[in-house]
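# Coordinate inspection notes
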Protein chains: 2
Amino acid sequence: MQPYLEMSTEELQALRKQLIAQYREYQGRDLRLDMSRGKPSVDQLDLSMGMMDVLSSDSDLTCEDGTDCRNYGGLTGIGEAKELIGDMMEVAPDNIIIYGNSSLNVMFDTVSRSMTHGVMGFTPWCKLDKVKFLCPVPGYDRHFAIMEYFGIEMINVPMGADGPDIDMVEKLVAEDESIKGIWCVPKYSNPTGTSYSDATVRRLARLKPAAPDFRIYWDNAYGIHHLYDDEQDHLIEILAECKRAGNPDLVYKFSSTSKISFPGSGIAAIAASQNNLEDITKQLRFQTIGHDKVNQLRHVRFFGNIHGMVEHMRKHADILRPKFEAVEEILARELDGLEIGSWTSPKGGYFISFDSMEGCAKAIVGLCKKAGLVMTKAGATYPYGRDPRDTNIRIAPSYPPLSDLKLAMELFSLCVKLVSVRKILEDRGEGQQLSVQS
Amino acid sequence: MQPYLEMSTEELQALRKQLIAQYREYQGRDLRLDMSRGKPSVDQLDLSMGMMDVLSSDSDLTCEDGTDCRNYGGLTGIGEAKELIGDMMEVAPDNIIIYGNSSLNVMFDTVSRSMTHGVMGFTPWCKLDKVKFLCPVPGYDRHFAIMEYFGIEMINVPMGADGPDIDMVEKLVAEDESIKGIWCVPKYSNPTGTSYSDATVRRLARLKPAAPDFRIYWDNAYGIHHLYDDEQDHLIEILAECKRAGNPDLVYKFSSTSKISFPGSGIAAIAASQNNLEDITKQLRFQTIGHDKVNQLRHVRFFGNIHGMVEHMRKHADILRPKFEAVEEILARELDGLEIGSWTSPKGGYFISFDSMEGCAKAIVGLCKKAGLVMTKAGATYPYGRDPRDTNIRIAPSYPPLSDLKLAMELFSLCVKLVSVRKILEDRGEGQQLSVQS
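It is worth spelling out the nonpolar core at this point. One finds Val111(A) and Val111(B) to be the most contacted residues of the largest nonpolar core, which totals 68 residues. Apart from residues no more than four positions distant in its own chain, Val111(A) is found in contact with Trp125(A), Ile146(A), Met147(A), Phe150(A), Ile152(A), Trp183(A) and Tyr217(A).

Have a look at this one:
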């Protein structure tokens, strides 16, 4: 295929007419396709229906230490859930607090507590003039939203093949005491699918932040969410690495079963050093008498142990893999060689990240929407919704059925072509008669 | 029975010897009785075991508006849960947000949000020099604990037969802009069992606080928790009353199913005006993608509707009523006429409140503990754990089996007698040879 940039203006104008005709055809089909969020599909939800059967009115809802899971108490979670989730998070059960159904809620609470009460005895952030966080970009919009809500300034750090630009991270945190944290999705990152290299994790664990209350917010959302049995990314376990590095308190690690059991009804957890857990538990005992222990027990009885959970994840992979492969196949078939976009090929997680030519992402997502395909908002992967080069689009293949997904990706590719052609023509001074719509 | 105060010193000293002998006997029995918290008993938990069966792997977990309860979303709760909990809270479904398993957590979050972001656009409390709350006393220790955690100053307001001293409340809130709230357990109050009179509720709804961001924290924890079918307290619905009074935004109403279904695994809710709910939802969308909808659906399918819930509460009452009656019978049998204590006779809720002679509560609870009976800590029903007259003891009859409860109340009565005798002797200058233990 010939790169668009090498085509003559006449060729591009002819191509544009063809593409517009194809687009009109899609518009006439009254499509309603949604690829905006990383939601598991109905097939995936069905995998966990057995959870509804593991507890019945005949069940003994007592856990191993004799606690009646139905009653009050159990502030930090039941032992067997700590063991299961500990194995999932690769940390000891003692380093875990089990929460309710949402790790986002745990992260929100962690920031909120730091605002009102500070971290391990340091000044509450609400008493400081300025609090900043480093945000590897592109990244997860809900992390950035928490920052905006609390008025925390975000500093972009570019993501590379090994994770965030670690030279830049080291330099910034060493210089600026107002930098209190960094958001990391270290494995099968949202949205690039990148996993941090061993060198990156080691250097993160050895950061020397100017702020003594600096923490790495390690949102390991896709720790066991592989697509393949034989090709899996491996991530160094950060809690142990921080300990080895003499920085045991440097990290909060977050995870949940949201994309393992049911997204709305899983269990979430934080893992951290004993010092951090003590600090967190001080708050927790005012906040609640305990989270839902019956649901913790339900998860333990359903999965049995980490082996059962890993087996279960294979079933998710069997559903997700063809979807990821379809996205990549269609992008390759439609766009390879045109030099108007690039995309990632993750080995796990929930997203493929697409980069268009500069200044095209918003227009592509807008054009998709006008033909009935909702993508994640362009810019969403950047703090304040501002993608400085307007290139990044997050593709979420999980939710639509495969046939819809294929249709969606064909339409998406068409929109990429159409916007790219227009952009090139505009850049050549041929844009006056073109509108976004056409 | 002769009042102790009318007995001669010699009579009291003889009595004291008898009582000590009885107490030694209890001490020799190696008892382990716990009446410290308002926990439902195992029998009560068993009432809700059917909840484990209403959803199975064959169930359709779609709710009425088509939402798949298993997936992400549903920020403010599913419609049918809002209807059920709305009926329980006597408000329209539109005035409700359903949360996770803990209304304490909802209250904590409400205070925390007010600290960091303020109430409906007013200055965040963390930016103010001083924030105060009114605390009707005796009251609920976990409310007071939230205040202490956030450094909010508590002002005691005495509880009477109609609720808090409303003259004092009106005066204080009108005068002092730093008073931002009042904690109310308006029905079958913790610990007195008092329900607020119509006049009190009407005057609360018509408060004219100096602070525009003042809110009534209406923790209606025992709204349908009656002990009797024929004798029930009735409480004016505060949200509607505030609306009628032209103060629609004055109140946050909290409730949960913790003492209806399972304490650890119920659903909690806040009810408030549309203005307040909008303000709350602004936070909520940063905090979570949604609470556990499967558990919401489980509650709806189990109870069916408010009628089913009311029927279910009758079964709780059948278990609780004999316990409350046993406590009152034993107290009456042992203490009537001695003029060394008084107690409440609630028609619902979870507690009986006992008032000893001045300066005796701590010693009574301490003596109980030394014989193997754990009561709620004396002072716990007051802010900062300081009961200024040292008289109030919260009795929680729900958890122990009836036979244990009777034994516990006999031991408790004995400790009341023993401490009272000692106190009278001390007051008469006969205390030098007495120790707390004897």
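We are not done yet, so read on.
When we look at burial in helix H7 (residues 198-205) of chain B, the residues that qualify are Thr200(B), Val201(B), Leu204(B) and Ala205(B). Angularly, the buried residues of H7(B) cover 130° about the axis, an arc narrow enough to put them on a single face.

Glancing now at the pairing of strand E8 (residues 251-256) of chain A. Residue and element names in this part refer to chain A. Across the 6 residues of E8, 6 count as buried, placing the element largely inside the fold. Along E8, one buried face is formed by Val 251, Lys 253 and Ser 255 and the opposite face, lined by Tyr 252, Phe 254 and Ser 256, is buried too. Pairing between strand E7 (residues 215-219) and E8: 4 bridges, direction parallel. Among the inter-strand pairings, Ile 216 is bridged to a residue of E8, identified as Val 251. Taken together, E7, helix H8 (residues 238-244) and E8 constitute a β-α-β crossover, and its handedness is right-handed. Sheet analysis places E8 next to strand E9 (residues 268-271), joined by 4 bridges and oriented antiparallel. Along E9, the bridge assignment pairs Lys 253 with Ala 271.

What follows is about the interface of chain A and chain B. Residue-level contacts link 60 residues of chain A with 60 residues of chain B. For the pair chain A and chain B, the summed buried surface comes to about 4900 Å²; carbon and sulfur atoms form 54% of the total. The three residues of chain A that bury the most area against chain B are Arg70(A), Tyr72(A) and Tyr149(A), which together make up 17% of that side's buried surface. Across the contact surface, chain A and chain B share 2 salt bridges. Its salt-bridge partner being Asp46(A), residue Arg70(B) comes within 2.8 Å of it at the nearest N-O pair. Taken together, the connections running from chain A to chain B amount to 21 residue pairs in polar contact (both at pLDDT 80 or more). Going through the elements one at a time, helix H2 (42-46), helix H4 (103-117), helix H5 (141-149), helix H9 (274-287) and helix H10 (293-303) of chain A are the ones with two or more residues in the side of chain A that touches chain B. Ranked by residues supplied to the side of chain A that touches chain B, first place goes to H4(A) with 9 residues. Residue classes in the side of chain A that touches chain B are distributed as 24 nonpolar, 21 polar and 15 charged.

Before going further, it helps to spend a moment on the environment of Leu33(B). All names here are of chain B. Checked against the element boundaries, Leu 33 lands in strand E1 (residues 33-35). We classify Leu 33 as buried; its relative accessible area is 7%. Counting along the chain gives 340 residues from Leu 33 to Leu 373, while the straight-line C-alpha distance between them is 4.6 Å. Each residue touching Leu 33, except ones within four places of it in the same chain, is listed here: Gly 372, Leu 373, Val 374, Asp 404, Leu 407 and Ala 408.

Expressed as a screw operation, the relation of chain A to chain B combines 0.0 Å of axial shift with a rotation of 180°, fitting to an RMSD of 0.0 Å. These values place the two chain copies in the arrangement generated by a two-fold rotation axis. Residue by residue, 100% of the interface of chain A is reproduced at the interface of chain B, so both copies engage with the same surface.

Take the environment of Ile340(A) next. Residues and elements named next belong to chain A. In this structure, Ile 340 sits in the loop between helix H11 (306-335) and strand E10 (341-343). Taking the C-alpha atoms as reference, Ile 340 lies 7.2 Å from Tyr 4; in sequence the two are 336 residues apart. Those residues in contact with Ile 340 that lie beyond four places of it in its chain are Tyr 4, Leu 335, Asp 355, Ser 356, Met 357, Val 416, Lys 417 and Ser 420.

Residues and elements named next belong to chain B. One open sheet holds the 8 strands; their spatial order is E2-E9-E8-E7-E6-E3-E4-E5, and the pairing between them is mixed. The open sheet is flanked by strand E2 (96-98) and strand E5 (163-164), the only strands paired with a single partner. Summarising the sheet, strand E3 (residues 132-137) and strand E4 (residues 153-160) pair through 6 bridges and their orientation is parallel. Residue pairing for E4: Phe 133 is matched across the bridge by Met 154. Along the sheet, helix H3 (residues 79-89) makes contact with E2, strand E8 (251-256) and strand E9 (268-271), crossing E2 at roughly 120°. Each of E2, strand E7 (215-219), E8 and E9 touches helix H9 (residues 274-287); the most contacted strand, E2, lies at about 25° to it.

Residue and element names in this part refer to chain A. The tally for this structure, following the rule as stated, stands at 32 aromatic pairs over all chains. Between Trp 125 and Phe 133 the ring centres are 5.8 Å apart and the planes differ by 70°, which places this aromatic pair in the edge-to-face class. Residue Trp 125 shares its accessibility class with Phe 133, and that shared class is buried. An angle of 55° between the planes, with centres 4.9 Å apart, marks the rings of Trp 183 and Tyr 217 as tilted. Linking Trp 183 in strand E6 (residues 179-184) with Tyr 217 in strand E7, this pair joins segments that are 34 residues apart in sequence. Among the residues examined, Trp 183 registers a relative accessible area of 3% and is labelled buried. The buried category is assigned to Tyr 217, whose relative accessible area is 0%. Through pairs of rings, three or more aromatic residues link up here, namely Trp 125, Phe 133, Trp 183, Tyr 217, Tyr 252 and Phe 254.

A few words on the packing of helix H12 (residues 361-370) of chain B against helix H13 (residues 402-427) of chain B. Residues and elements named next belong to chain B. Packing of H12 against H13 leaves a shortest axis separation of 9 Å and a crossing angle of 130°. Comparing their axes, H13 and H12 come out oblique. For H12 against H13, the interelement crossing comes out right-handed. Contacts between H12 and H13 involve Ala 363, Ile 364, Leu 367 and Cys 368 from the first element and Leu 411, Phe 412, Cys 415, Val 416, Leu 418, Val 419 and Arg 422 from the second. Looking at the contact of H12 with H13 residue by residue, the classes come out as 10 nonpolar, no polar and 1 charged.

The rules behind the values
- Residues numbered from 1 in each chain as written.
- Chains lettered and ligands numbered in written order.
- Predicted model: local features only at pLDDT ≥ 70, side-chain atom pairs only at ≥ 80, totals over all residues.
- Heavy atoms only, no water.
- Core = buried A, V, L, I, M, F, W, Y, C linked by side-chain atoms within 4.5 Å.
- Buried < 20%, exposed > 50% of the residue type's maximum accessible area, 1.4 Å probe, protein only.
- Contact = heavy atoms within 4.5 Å.
- Helix = DSSP H or I, 4+ residues; strand = E, 2+ residues; numbered from the N terminus.
- Arc of directions from axis to C-beta.
- Pairing = 2+ DSSP bridges.
- Right-handed = clockwise from strand over helix to strand, strands pointing away.
- Buried area = accessible area lost by both parts, 1.4 Å probe.
- Salt bridge = Lys/Arg side-chain N within 4 Å of Asp/Glu carboxyl O.
- Polar contact = N/O pair within 3.5 Å; in protein donor to acceptor, adjacent residues only side chain to side chain.
- Nonpolar A, V, L, I, M, F, W, Y, C, P; charged D, E, K, R; others polar.
- Least-squares fit on C-alpha atoms with pLDDT ≥ 70 in both.
- Axes fitted to C-alpha atoms, helices over the stretch in contact; angles between N-to-C directions.
- Phe/Tyr/Trp six-rings, centres within 6.5 Å; stacked < 30°, edge-to-face > 60°.
- Parallel < 35°, antiparallel > 145°, perpendicular 65-115°, else oblique.
- Left-handed = near helix turned anticlockwise from the far one by under 90°.

Keep in mind these numbers describe shape, not what the thing actually does.
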